[in-house]
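Read off the chains here:
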There are 2 protein chains.
Amino acid sequence: MTSPAQALFQVRDRVDSALREFLSRQREVLLSAGDELMPGFEAVTGLLAAGKRLRPAFCYWGWRGAGGADGPQIIRAAAALELLHASALVHDDLMDASDTRRGQPSLHRQFEAYHARHHWQGSPGAFGMGMAILLGDLLLSWTDEMFHASGLPDEALRRGRPVLDLMRTEVFAGQYLDLLGQAAGDGTLESALRVVEYKTTKYTIERPLHLGAALAGAGADAQPGGLLAAYSAYGLPLGTAFQLRDDILSVFGDPAQTGKPAGDDVREGKHTVLLAIARARATGPQAAIIDRYLGDPLLDEAGTAEVRTVITESGAVAECEAMISRHVAEAVAALADAPVTAEARDALAGLAVAATARDG
Amino acid sequence: MTSPAQALFQVRDRVDSALREFLSRQREVLLSAGDELMPGFEAVTGLLAAGKRLRPAFCYWGWRGAGGADGPQIIRAAAALELLHASALVHDDLMDASDTRRGQPSLHRQFEAYHARHHWQGSPGAFGMGMAILLGDLLLSWTDEMFHASGLPDEALRRGRPVLDLMRTEVFAGQYLDLLGQAAGDGTLESALRVVEYKTTKYTIERPLHLGAALAGAGADAQPGGLLAAYSAYGLPLGTAFQLRDDILSVFGDPAQTGKPAGDDVREGKHTVLLAIARARATGPQAAIIDRYLGDPLLDEAGTAEVRTVITESGAVAECEAMISRHVAEAVAALADAPVTAEARDALAGLAVAATARDG
């Protein structure tokens with residue numbers, strides 16, 4: 001049996017090298033336009049140096065499970081998902097006005113500080129925003145470039161493309177619904193779950209698995225008993241469990257592990273599933289505390305601690321933990337009869353644990 | 001001889017239909033995630049309804065000039081460039097805090113107003129920004145999707161991809177250098193010309209031509225006397241002329257034709273070639289007027305008129321018009337011995353005029 005850490009790490013190191021190799025080629029292209037581009041390049045390189053590489057891992061094992069042979073081509077194609085993800089992080093942090101990411105200042109904050117240090121003209125905030133928009137766009141463009149330069153044959157790429165397209169449209173839809181939900185104040189559990197479905201579940205787990213399978217030549221039909229249906233049966237509950245773990249870490253996690261300050265979701269007014277459950281279970285006075293702090297940009301450590309207490313005492317944490325366990329069990333059970341190789345079954349079971357039992 | 005209008009319009013109408021067809025398919029994909037996505041879809045549809053389709057026209061004639069046969073596939077591949085361009089416009093308007101585009105409120109302003117109308121939570125500005133970031137990302141993702149779903153054979157797409165990749169990296173580089181130049185206050189003519197080279201010349205004319213040629217199977221080498229070299233010899237001066245016309249229209253154009261308020265470049269502190277020439281030719285008092293208004297967010301109609309007078313009286317407009325004529329003549333002369341079909345030579349000569357003699 002592959003250990004959870006092994007399933008993740010054996011892909012991660014190879015994805016890391018593939019990204020480094022891709023970046024060193026891009027560095028030359030950017031340099032030829034001017035060495036002023038290097039601070040931007042260094043910033044995205046710094047962001048890409050960290051990361052759990054979960055999406056590439058699911059893509060890789062989706063391929064292996066479908067009978068695809070190991071090789072550098074699938075690693076490169078899978079690594080392209082990390083560029084897509086980095087793009088989403090840069091733009092998300094800007095939209096959420098987040099100060100940190102992966103333990104470093106977020107990209108827009110880095111360039112805001114850069115502008116201020118140089119005493120340049122105009123607003124540092126506008127400069128930071130502009131740089132983050134452009135660098136996120138570059139990362140998004142690179143996704144396709146790395147995917148197509150993976151070395152996989154044309155017919156494999158042709159099978160994979162519609163899945164990659166769908167994945168990007170779905171993550172867009174999830175982000176859009178999230179933004180709309182925050183603005184319109186739609187705090188129902190149902191709408192929180194739909195955002196999770198699009199922004200996380202499909203994007204993080206189901207579609208990377210489907211992409212790997214499509215690249216390997218698995219049929220595009222998702223008939224019952226087929227591989228794609230099995231990946232969905234594994235990926236959908238696991239994605240929900242993954243997001244619930246994120247919800248809990250955002251409020252209760254150690255910032256040194258998560259790379260984000262505690263309480264960010266509350267401060268940003270995110271209608272997470274954890275908060276929706278807490279709100280639904282809360283007594284009158286508990287609900288008043290949640291309502292007071294949710295979306296308060298000035299929420300401090302003391303306020304976060306109050307919200308934390310309410311969430312715990314409402315029973316929402318226990319309910320979320322129970323949901324995580326149930327969903328992981330459901331995901332792993334879906335693998336039992338899945339038409340995948342034994343090695344992939346073990347690795348996917350390991351990944352299910354790695355994705356949901358993490359500290360950061 | 002093809003008239004300038006014909007060369008543009010015969011491609012434009014077909015690009016318009018290809019875009020409408022693509023959008024109607026995407027509408028279904030977005031609807032399946034939720035009908036809340038429709039306002040976003042309508043906004044990008046509105047933006048895409050207008051446009052000169054210059055980049056698709058150059059791509060199409062780049063293909064035809066290389067001997068490619070007419071057909072719906074090349075129109076669809078060329079039309080994908082319009083999605084890339086729309087993405088750049090949405091993000092550019094946000095970065096420049098522009099209020100209008102193509103005669104309509106810019107996308108971030110539309111959603112700012114939408115938020116305010118609904119009396120939603122949070123800041124209308126942040127909501128508008130978030131929507132513009134996401135919709136620009138969607139348009140950027142669609143670029144690849146439409147390009148690959150064009151129906152061109154895999155080997156054609158494989159030849160075209162590196163050009164599309166380079167084009168996107170170059171436009172990123174141009175936008176980055178532009179943003180940096182505005183912040184660092186680098187107002188030299190040399191740096192203005194480098195921004196034009198990357199942000200406009202290569203992106204608008206040279207690379208679309210090269211993309212068409214690569215799709216049609218023209219060799220990737222740019223040897224003297226070859227097709228790609230001929231397209232560069234035509235495209236580079238023409239791109240500069242195109243941008244100079246834009247510089248003039250931005251200050252002197254009729255907003256009803258340009259779709260943008262007059263004086264935007266001055267208000268935003270853009271170091272355009274026109275302004276760099278005016279600044280270099282200005283007397284002391286004239287220079288003081290330029291320096292007072294350049295980058296002034298409160299620049300009004302009276303201030304714009306003052307700047308206009310200085311630019312004209314410095315002789316900068318006459319110098320720019322002479323540069324435009326010289327560059328267009330150089331571009332058209334480069335076609336004389338170019339190894340392209342006679343029909344393409346006529347169309348490209350027509351496009352050179354259409355791109356530089358326009359009112360908006």
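Look a little higher up for the structure.
If you're wondering where the values come from, they're calculated on a predicted model, not measured in any experiment.

Student: Hey, could you run me through the overall build of chain A in this one?
Tutor: Helix and strand content of chain A: 16 helices and two strands. For 360 residues, the compact-globule estimate of 2.2 N^0.38 gives 21 Å, and chain A sits close to it at 21 Å. Principal axes of the C-alpha set define a box for chain A whose edges measure 55 × 55 × 35 Å. Per-residue burial for chain A yields a buried fraction of 60% across its 360 residues. Considering only contacts in chain A between residues 6 or more positions apart, those separated by 24 or more positions represent 75%. With the model as given, the accessible surface of chain A reaches about 13,000 Å², and the carbon-plus-sulfur share is 55%.

Student: Would you mind showing me how to read the packing of aromatic side chains here?
Tutor: Each aromatic ring pair is described using two quantities: the centre-to-centre distance and the angle formed by the ring planes. By the definition in use, this model includes 16 aromatic pairs over all chains. Ring geometry for Trp120(B) and Phe127(B): centres 5.5 Å apart, planes at 75°, overall edge-to-face. For Phe127(B), a relative accessible area of 3% translates into the label buried. Following the ring pairs from residue to residue traces out a cluster consisting of Phe111(A), Tyr114(A), Trp120(A) and Phe127(A). The aromatic ring of Tyr198(A) is capped on one face by Lys202(A), whose charged end is 5.9 Å from the ring centroid.

Student: Explain the interface of chain A and chain B to me, please; I cannot follow it from the model alone.
Tutor: Accessible area lost when the parts come together is the quantity often used to give the size of an interface. Taken together, the contact pairs 53 residues of chain A with 53 residues of chain B. Regarding the contact of chain A and chain B, the summed buried area is about 4,800 Å², with carbon and sulfur atoms giving 68% of it. Three residues, Leu134(A), Phe172(A) and Tyr176(A), lead the burial of chain A against chain B; their summed loss comes to 14% of the area buried on that side. The interface formed by chain A and chain B holds four salt bridges in total. We note a salt bridge from Arg158(B) to Asp154(A), for which the minimum N-O separation is 2.6 Å. The interface formed by chain A and chain B contains 19 residue pairs in polar contact (both at pLDDT 80 or more). Elements supplying a minimum of two residues to the side of chain A that touches chain B: helix 1 (4–33), helix 2 (38–49), helix 4 (72–96), helix 6 (124–148), helix 7 (154–184) and helix 8 (189–216) of chain A. A per-element tally of the side of chain A that touches chain B places helix 7 of chain A first, with 18 residues. Partitioning the side of chain A that touches chain B into residue classes produces 28 nonpolar, 14 polar and eleven charged.

Student: Would you mind going over the packing of helix 3 (residues 54–65) of chain A against helix 8 of chain A with me for this structure?
Tutor: The relative placement of two packed helices comes down to the angle between their axes together with the axis-to-axis distance. Residue and element names in this part refer to chain A. Where helix 3 meets helix 8, the axes come as close as 7 Å, and the angle between the chain directions of the two elements is 35°. Pair helix 3 / helix 8 crosses with right-handed handedness. Taken together, the residues of helix 8 that come into contact with helix 3 (itself represented by Arg55, Phe58, Cys59, Gly62 and Trp63) are Tyr203, Thr204, Ile205, Pro208, Leu209, Leu211, Gly212, Ala213, Leu215 and Ala216. A per-class count over the contact of helix 3 with helix 8 returns eleven nonpolar, three polar and one charged.

Student: What should I look at first to understand unusual backbone geometry in this one?
Tutor: Glycine aside, negative phi is the norm for most residues, and most peptide bonds take the trans geometry. Residue and element names in this part refer to chain A. With a phi close to 50°, arginine 102 is a non-glycine residue in the positive phi region. Within the secondary structure, arginine 102 is located in the loop between strand 1 (100–101) and strand 2 (104–105). Residue histidine 119 is not a glycine yet carries a positive backbone phi of 50°. Along the chain, histidine 119 turns up in the loop between helix 5 (107–117) and helix 6. On the basis of relative accessible area, histidine 119 is assigned to the exposed category, the value being 70%.

Student: Explain the relation of the copies chain A and chain B here, please?
Tutor: Each of the two chain copies can be brought onto the other by rotation about an axis and movement along it. Least-squares fitting of chain A to chain B yields an RMSD of 0.0 Å, with the transformation described by 0.0 Å of translation along the axis and a rotation of 180°. Overall, the copies show the geometry of a two-fold rotation axis. Of all interface residues in chain A, 100% are interface residues in chain B too; the two copies therefore contact each other through one and the same surface.

Student: How should I be thinking about the packing of helix 6 of chain A against helix 7 (residues 154–184) of chain B in this particular structure?
Tutor: Put simply, helix 6 of chain A and helix 7 of chain B touch, their axes get as near as 10 Å, and they point 170° apart. Judged by the inter-axis angle, helix 6 of chain A sits roughly antiparallel to helix 7 of chain B. Contacts from Phe127(A), Gly130(A), Met131(A), Leu134(A), Leu135(A), Leu138(A), Ser141(A), Trp142(A), Asp144(A), Glu145(A) and His148(A) of helix 6 of chain A reach helix 7 of chain B at Arg161(B), Asp165(B), Arg168(B), Thr169(B), Phe172(B), Gln175(B), Tyr176(B), Leu179(B), Leu180(B) and Ala183(B). A breakdown of the residues in the contact of helix 6 of chain A with helix 7 of chain B according to their chemical character gives eleven nonpolar, five polar and five charged.

Student: Which parts of the structure should I look at to understand the nonpolar core?
Tutor: Side chains of nonpolar character tend, in soluble globular proteins, to be buried together. Phe58(A), Trp142(A), Tyr234(A), Phe58(B), Trp142(B) and Tyr234(B) are the most contacted members of the largest nonpolar core, which totals 237 residues. Excluding residues that lie within four positions of it along the chain, Tyr234(A) makes contacts with Phe58(A), Ile205(A), Leu209(A), Ala331(A), Ala334(A), Leu335(A), Leu348(A), Leu351(A) and Ala352(A).

Student: Help me understand the side chain of Arg358(B) in this model?
Tutor: Residues and elements named next belong to chain B. Mapped onto the elements of the fold, arginine 358 is located in the segment after helix 16 (342–356). You can call arginine 358 buried: its relative accessible area is 10%. Within the structure, the side chain of arginine 358 is placed 3.1 Å from the backbone oxygen of phenylalanine 242, a separation counted as a polar contact. Separated by 2.6 Å, the side chain of arginine 358 and the backbone oxygen of alanine 355 make a polar contact. Contacts of arginine 358, omitting those with residues within four sequence positions, involve Lys52, Phe242, Arg245, Asp246 and Leu249.

Student: Before we go on, may I ask you to explain the environment of Leu249(A) in this structure?
Tutor: All names here are of chain A. Tracing the chain through its elements places leucine 249 in helix 9 (residues 227–252). When its relative accessible area of 13% is taken as the criterion, leucine 249 is described as buried. Aside from chain neighbours lying at most four places away, what touches leucine 249 is Thr258, Arg358, Asp359 and Gly360.

Student: Looking at this structure, how should I read the pattern of salt bridges?
Tutor: When the charged atoms of two side chains with opposite charge come close together, those side chains can pair. Evaluation of the coordinates by the stated rule reveals 58 salt bridges over all chains. Measuring nitrogen to oxygen at the nearest pair gives 2.8 Å for the salt bridge that ties Asp93(A) to Arg101(A). With relative accessibility at 3%, the residue Asp93(A) sits in the buried group. For Arg101(A), a relative accessible area of 19% puts it in the buried group. Residues Lys260(B) and Asp264(B) are paired through a salt bridge, measuring 3.9 Å at the closest nitrogen-oxygen approach. Exposure remark for Lys260(B): the relative accessible area of 18% places this residue in the buried category. Within the structure, one salt-bridge network assembled from shared partners comprises Asp92(A), Asp96(A), Asp178(A), Lys199(A) and Lys270(A).

Calculation criteria
Residues numbered from 1 in each chain as written. Chains lettered and ligands numbered in written order. Predicted model: local features only at pLDDT ≥ 70, side-chain atom pairs only at ≥ 80, totals over all residues. Heavy atoms only, no water. Helix = DSSP H or I, 4+ residues; strand = E, 2+ residues; numbered from the N terminus. Rg over C-alpha atoms; globule rule 2.2 N^0.38 Å. Buried < 20%, exposed > 50% of the residue type's maximum accessible area, 1.4 Å probe, protein only. Contact = heavy atoms within 4.5 Å. Areas by Shrake-Rupley, 256 points an atom, 1.4 Å probe, with all protein chains shown as cover. Phe/Tyr/Trp six-rings, centres within 6.5 Å; stacked < 30°, edge-to-face > 60°. Lys NZ or Arg CZ within 6 Å of the ring centre and 35° of its normal. Buried area = accessible area lost by both parts, 1.4 Å probe. Salt bridge = Lys/Arg side-chain N within 4 Å of Asp/Glu carboxyl O. Polar contact = N/O pair within 3.5 Å; in protein donor to acceptor, adjacent residues only side chain to side chain. Nonpolar A, V, L, I, M, F, W, Y, C, P; charged D, E, K, R; others polar. Axes fitted to C-alpha atoms, helices over the stretch in contact; angles between N-to-C directions. Left-handed = near helix turned anticlockwise from the far one by under 90°. Least-squares fit on C-alpha atoms with pLDDT ≥ 70 in both. Parallel < 35°, antiparallel > 145°, perpendicular 65-115°, else oblique. Core = buried A, V, L, I, M, F, W, Y, C linked by side-chain atoms within 4.5 Å.

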